[in-house]
Amino acid sequence: HCPEQSMNTVVVRLLNGRTIQKSVPRCTSARELRLLLAPIHFSTYLTLRGRVVEDECWLSLNEPGCFCLHARLLGGGCGASSAKPAAQPKSTAPQSVQKPVETSNSAEAKPKEIKGDAVVEKGPASTSETEKPQTSPENRGRMEGSGDILDASVLQRAYKLFHSCDVDQDGSISFEEFRGIMPDSTRSDMEAEFHRTDLDGNGRISFDEFVGSIQRLLPFVRGGADDVAKIAAASVAEAAAAVQLHHGSSDNAPLPLPTGDAEVEEHVKTCWQKAERQIENAEPFVVTPAPHHTIKSVRLFVSSTFADMFSERETLVKRTIPALRERCEEHRVRIVEVDLRWGVPKDTSTAATITTCLGEIDRCIEENSCPFFLSMLSERYGWVPGPDDVPAGIKRRYNWVQGFSITAMEVLHGCLRGHNPNALFLLRDPDALKALPEDQLPSWIDAGASAVRHLAELKSQIHSRFSQDQIFPYKVSVGNFHAGSTKVELKGLEEPGGFHDRVLSFLTEAVARSYPVAKPDGSLITKMKHQMFAQNRGATVEGRTDELAAIAKFVAPDEEAPRTLVLVGEPGAGKSAVVARAAQEAAKQQPDAVVFTHFVGAAMGSTAITQVVSRLWHELAAEELKTANLTSADELLLSVAICLNAVAKRTAPNQVLLFVDALNQLDVEFEAHTLRWLPADKDLPPNVRIVVSTLAGTCLMALQDRTPKPGEVRVGALGAVWASRLVTQRLADHNKLLDETQLTLLLAKEPGVANPLFLTLAVEELRIFGEFERVTERIRAMPCTLLEMQCFCIAR
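Calculation rules
- Residues numbered from 1 in each chain as written.
- Predicted model: local features only at pLDDT ≥ 70, side-chain atom pairs only at ≥ 80, totals over all residues.
- Heavy atoms only, no water.
- Buried < 20%, exposed > 50% of the residue type's maximum accessible area, 1.4 Å probe, protein only.
- Helix = DSSP H or I, 4+ residues; strand = E, 2+ residues; numbered from the N terminus.
- Pairing = 2+ DSSP bridges.
- Axes fitted to C-alpha atoms, helices over the stretch in contact; angles between N-to-C directions.
- Contact = heavy atoms within 4.5 Å.
- Core = buried A, V, L, I, M, F, W, Y, C linked by side-chain atoms within 4.5 Å.
- Parallel < 35°, antiparallel > 145°, perpendicular 65-115°, else oblique.
- Left-handed = near helix turned anticlockwise from the far one by under 90°.
- Nonpolar A, V, L, I, M, F, W, Y, C, P; charged D, E, K, R; others polar.
- Arc of directions from axis to C-beta.
- Salt bridge = Lys/Arg side-chain N within 4 Å of Asp/Glu carboxyl O.

Participant: What's the story with the pairing of strand 19 (residues 711–715) in this structure? I'm lost.
Facilitator: Along any regular strand, the residues point their side chains to alternate faces of the sheet. A one-sided burial pattern is seen for strand 19, the buried positions being Gly711, Val713 and Val715 and the unburied ones Glu712 and Arg714. Of the strand pairs in this sheet, strand 15 (residues 564–569) and strand 19 are connected by five bridges, and their pairing is parallel. Bridge pairing links Gly569 to Val715 in strand 19.

Now the structure itself:
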């Protein structure tokens, strides 16, 4: 900790000897440190036994100033072979405890003693339960049946032994691999110890389980880690040989690379025999209508090769999916497309690439049991990983077919297995490619005999297994090169009845089948649009803890408190998001309260003050409205106090909370900006609270002229930590990631970087930008102010 620089030096020490050191702004909590370290992207720095650490890293606070980093290994770690990944990682890499980093409030730290590299606190543990993940490093480092923390040297040995036994490097130990720990034991003794260590009974020992039993297992070990590795490898090989002797070659045994036409044909035939067995044994995808009352996010997986499908993906991301989102609003569904053109970070290993692609399909299945899937095929088969490129854990998890390209495996995993009725196959007519320049052909057409034959068989399988309603051949023509790019533009994708229209109609029908809704009346549609707006905006809040705390205190029951609160801030400061989050939190904290929200501009007609008041009456006091005798617009506008008093009397002692966002965007009719329609505090019952937001101007002056004056909360600039978090989280929602250089470039765009709307626009521009190799160039071209960023977006 360097007080004069307001910086912390964070050192992450791994048990494999590697060290990472970063300087970050001073922070005092695990949450702050998580956010500060998020941009580091640990996958760039950390590898354990050749496996990349997933971007999903988190930290826990052991004691004041001392944090532990947790990371989940790609390509394993769950110990199970299920196609669906576990929601919470069961096996994690062994983590070290960092040296204390003294913070500004370290004066309250308890005395500590040093045991090797571990810092052990004297007295009660100070870790907050809300900061600890389910599997904490303290629990991982405790001896079985004891409260003592394991010495660092014991953890070091456990780490080496575990990975020496983990022959296939899938993050867990099988029964055969366990022989390396107990080389001199009988099979029955070994089985007893294996099942005793395998706490969850899934047939594989995770690192957590192994460390929990390490003191009991150490007496069985003979020799060093190298000896353990040799015994484990020999045991695995012996078991594999026995299987081959009784059952023939393994389904995942590497196939020899084909050379001649006959070998190519045999190779394709063998691959598809394996795939067909999997297809026959797979559980079918079934569309189960799921009516719901909340807003649901549903992922759409887009599968294709990249270079030759640039125009199609541009059309999807910039035209088709935005139109689909609008259509899905009535079903309360928010579509999130998975477009992996730059969703896989550079320098990512083969294992990480495969896991990212197929893992995203798993995520789609988790969110919607019958996943929404678009497959675009032309004349490229895609990259085929070699026999040594796919780790054993991934082969088991996804029933990998050696010889398939990643694109083919995506189709097999997300469509063919289970016969997915929510899959649409878009097959481009190859005739258009005849007009391509000759130097472009390698990027558009596979020339290898094996790729050509595999692709033909993949298309044949699709035609034979799916109805014509799920297969759409489309025509295009070759246009010009994209400006500043080597990408060729294809024309005709948005022709009537073409690519765009077919995708839009198919997915609209698919969403309607999965998420049916009764046809609501106009007022319910309006209410639903405000709810969707609130949910979408509320989810984007980063930071703003002071502002939210002030609102929470204001809406809490208190006879003496003012009854009106106004949020003020510059354009794009995030006032709408804060209002949305505050309303959601208030509803949770006061479940019996009546909460009404209106976001000016969120729905058709929402800028008219008459609609605001009409909604208020119809949603909160429909019965009282029948006898209110409101015959003119003026009477309606001046009736808000009557409405709120009626509702407050009926619901007392519970609160009535009214949230109205963006007063300054109301239409000027009926003198809406004078706020004569908004009751003063003296006209409100004690259990009513009104929260509004506005820019500086007429509305704010009208509020400030009142007696007593309403409470006021300023929504200021966004801090650097939260700006980084906003960018990282928004891109992560779409499985995208900026490297450290790119993130630094974006966060240097001052003064715009302190404005949430500026960052939101920048992230959206990057999200839909389809050329990974030019992302850095795109960031450099971005302006530095909100107004310039808006013009930048409009120009694009």
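Participant: Just checking my understanding: could you explain the sheet that holds strand 17 (residues 656–661) for this structure?
Facilitator: Either a parallel or an antiparallel arrangement is found when strands of a sheet pair, and the pairing is made through backbone hydrogen bonds. The strand order across the open sheet formed by five strands is 16-17-18-15-19, and the pairing between neighbours is parallel. Strands at the two margins of the open sheet, each flanked by one partner only, are strand 16 (594–599) and strand 19. Pairs of neighbouring strands in the sheet enclose a mean axial angle of 15°, with direction left out of account. Helix-sheet contacts for helix 19 (residues 609–620) involve strand 16 and strand 17, and the interaxial angle to strand 16 is about 155°.

Participant: Looking at this structure, how should I read the nonpolar core?
Facilitator: With 42 residues, the main nonpolar core has Phe404, Leu412, Phe425, Leu458 and Ile462 as its most contacted residues. Mapped onto this core, the elements with two or more residues apiece are helix 8 (261–281), helix 10 (350–367), strand 10 (372–377), helix 11 (392–398), helix 12 (406–416), strand 11 (423–428) and helix 14 (449–465). Residues contacting Phe404, with those up to four places away along its chain left out, are Cys271, Trp272, Ala275, Tyr381, Val384, Pro385, Met409, Leu412 and His454. Among the nonpolar cores identified, the runner-up in size contains 37 residues, and Leu636, Leu658, Ala672 and Leu684 belong to it.

Participant: Teacher, can you tell me more about the packing of helix 24 (residues 720–732) against helix 25 (residues 740–747) here?
Facilitator: Two measures define how a pair of helices packs: the angle their axes make with one another and the distance between the axes. Contact geometry of helix 24 with helix 25 gives a least axis separation of 11 Å together with a crossing angle of 125°. It follows that helix 24 is oblique to helix 25 by the angle criterion. The handedness of the crossing between helix 24 and helix 25 comes out as right-handed. Residues Ala723, Ser724, Val727 and Thr728 of helix 24 form the contact with helix 25, whose own contacting residues are Leu743, Leu746 and Leu747. Its residues assigned to classes, the contact of helix 24 with helix 25 comprises five nonpolar, two polar and no charged.

Participant: So what exactly am I meant to see when it comes to the environment of His463 here?
Facilitator: Within the fold, His463 resides in helix 14. With relative accessibility at 38%, the residue His463 sits in the partly exposed group. For His463 and Phe425, which are 38 residues apart along the polypeptide, the C-alpha to C-alpha distance reads 9.4 Å. In contact with His463, other than residues within four places in its own chain, are Leu427, Gln468 and Ile471.

Participant: Teacher, can you tell me more about helix 17 (residues 545–555) here?
Facilitator: Along an α-helix, residues three or four apart share an orientation, since each turn contains 3.6 residues. Of the positions making up helix 17, those classed as buried are Glu547, Leu548, Ile551, Phe554 and Val555. Seen along its axis, helix 17 keeps its buried residues to an arc of 125°; they face one direction. Residues of helix 17 that are exposed and angled more than 90 degrees away from the buried face: Thr545, Asp546 and Lys553. Packed against the buried residues of helix 17 are strand 15, helix 18 (575–589), strand 17, strand 18 (688–694) and strand 19.

Participant: Would you mind showing me how to read the sheet that holds strand 8 (residues 296–303) here?
Facilitator: The strand order across the open sheet formed by five strands is 9-8-10-11-12, and the pairing between neighbours is parallel. At either margin of the open sheet sits one strand with a lone partner, and together these are strand 9 (333–338) and strand 12 (471–474). The average angle at which neighbouring strand axes cross in this sheet is 20°, direction not considered.

Participant: What am I meant to see in the pattern of salt bridges here?
Facilitator: Side chains that carry opposite charge are capable of pairing whenever their charged atoms lie near each other. As enumerated under the stated definition, the model contains 29 salt bridges in all. With a closest N to O distance of 2.0 Å, Glu337 and Arg767 form a salt bridge. Linking Glu337 in strand 9 with Arg767 in helix 26 (residues 756–767), this pair joins segments that are 430 residues apart in sequence. A relative accessible area of 2% places Glu337 in the buried class. Among the salt bridges present, the one from Lys459 reaches Glu379, with a minimum N-O distance of 3.2 Å. Of this pair, Lys459 sits in helix 14 while Glu379 is found in the loop between strand 10 and helix 11, placing the two residues 80 residues apart along the sequence.

The values reported here are purely geometric and, on their own, carry no functional implication.
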